[in-house]
Each structure stands twice: as C-alpha cells, then as structure tokens.
Amino acid sequence: MPNKYPVTNSSSIKPGEMRCFDVNQQRIIVAHIEGEFFAFDEMCSHEDYPLLNGALRSDHVECPLHGSRFCLRTGKPMEEPATEAIKVYPVELQDDMIVIEIND
Ligand code: FES
C-alpha cells in the first residue's frame, strides 16, 4: 500500500543539489535537476556506497566510487560494475512541499 511522505520544502534543494532524508526509517536522497525532483535510495547497489557525493547529470546520478551511472527515472544502471537497479520513488509537489510515495 503506497503512502505519501512530505519531506521538505522544494526551495531547500537548489538545482543541481542532493540532500538525504530519513523517510519512514529509510535513507532517501532527493535530487533537484533542472526544475524536476527525483527520489532514490542513498546507497549504490554495487557496494553500498553513498550516492550523495556522486555527480548529477541530466536525469542520472554517477556513483563516486566506481562510476556506474543510474537512471533516476527507472533506477537502472547504465553501465557496469553495478548490475542491479537502485530503488526510485515517485515524487510530487504539493504546493511547495516535496512529497515522496513509498510502498510500505
Ligand atoms: S560502489 Fe557504486 S559503482 Fe561501485
């Protein structure tokens, strides 16, 4: 059953920035790319390394440890060494609030 969790005000994450939040006992990164917000798990699927220090480009994030890039729309890796997807979450704006949908 999906639940919606308000996370933060949209103006608190500037374009090109990521911030990590505790949401429903999970660590979830919210990224702001060119007016669009994306939510995804904090850790890389390859070796459990935080993606927060990675690079945001277009609609993907690049892991800082071994360089795999993940599509933030699907979570799928775009190249090895990662082979498993990261979890991504639907995001909506309610007024100015970023709301993440999580299947509990
Ligand atoms: S830990 Fe992310 S690609 Fe290896």
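The structure presented is a predicted model; accordingly, all values stated were derived computationally and were not measured. (Residues numbered from 1 in each chain as written. Predicted model: local features only at pLDDT ≥ 70, side-chain atom pairs only at ≥ 80, totals over all residues. Heavy atoms only, no water.)

### Some thoughts on the pairing of strand E2 (residues 18-23)
Residues in a regular strand project their side chains so that they alternate between the two faces of the sheet. Relative to strand E3 (residues 26-33), E2 runs antiparallel, the two sharing 6 bridges. When the sheet's bridge partners are listed, Val23 is paired in E3 with Gln26. Linking E2 to E3, which pair antiparallel, is a turn of 2 residues; within it Asn24 sits at a positive phi near 50°. (Pairing = 2+ DSSP bridges. Helix = DSSP H or I, 4+ residues; strand = E, 2+ residues; numbered from the N terminus.)

### Considering unusual backbone geometry
Cis geometry is adopted by the peptide bond preceding Pro81, which originates at Glu80 and carries an omega value of 15°. Take Pro81: it is sitting in the loop between strand E7 (69-71) and strand E8 (88-89). Phi angles above zero are rare outside glycine, and Asn24 is one such case at about 50°. Within the secondary structure, Asn24 is located in the loop between E2 and E3. Positive phi, close to 55°, is recorded for Asp95, a residue that is not glycine. Considering the arrangement of structural elements, one finds Asp95 in the loop between strand E9 (91-94) and strand E10 (97-103).

### As for the sheet that holds E2
Strand order in the open sheet formed by 4 strands is E2-E3-E4-E8, with antiparallel pairing between adjacent strands. Only two strands of the sheet have a single partner each, and these edge strands are E2 and E8. Here 2 bridges tie strand E4 (residues 36-41) to E8, and the two strands are oriented antiparallel to one another. Paired with Phe40 across the strands is Val88, a residue of E8.

### Digging into the nonpolar core
Met18, Phe40, Leu51, Leu56, Val61, Phe70 and Leu72 are the most contacted members of the largest nonpolar core, which totals 16 residues. Look past the residues within four positions of Leu72 in its chain and what remains in contact with it is Ile33, Phe38, Phe40, Leu56, Asp59, His60, Val61 and Val88. (Core = buried A, V, L, I, M, F, W, Y, C linked by side-chain atoms within 4.5 Å. Buried < 20%, exposed > 50% of the residue type's maximum accessible area, 1.4 Å probe, protein only. Contact = heavy atoms within 4.5 Å.)

### Let's talk about the side chain of Thr8
As for its position among the elements, Thr8 is in strand E1 (residues 2-9). Taking relative accessible area as the criterion, Thr8 reaches 12% and is therefore assigned buried. Among the polar contacts made by the side chain of Thr8, one reaches the side chain of Ser12 at a distance of 2.8 Å. Aside from chain neighbours lying at most four places away, what touches Thr8 is Ile13, Arg19, Phe21, Asp96, Met97 and Ile98. (Polar contact = N/O pair within 3.5 Å; in protein donor to acceptor, adjacent residues only side chain to side chain.)

### A closer look at the sheet that holds E10
Ordered in space as E1-E10-E9, the 3 strands form an open sheet in which the pairing is antiparallel. If you trace the sheet from one side to the other, it starts and ends with E1 and E9, each paired once. Adjacent strand axes in the sheet meet at a mean angle of 35°, parallel and antiparallel pairs treated alike. As defined by bridge partners, E9 adjoins E10 across 4 bridges and the pair is classed as antiparallel. Bridge pairing in E10 links Val91 to Ile100. (Axes fitted to C-alpha atoms, helices over the stretch in contact; angles between N-to-C directions.)

That's the geometry; what it means functionally is another story.
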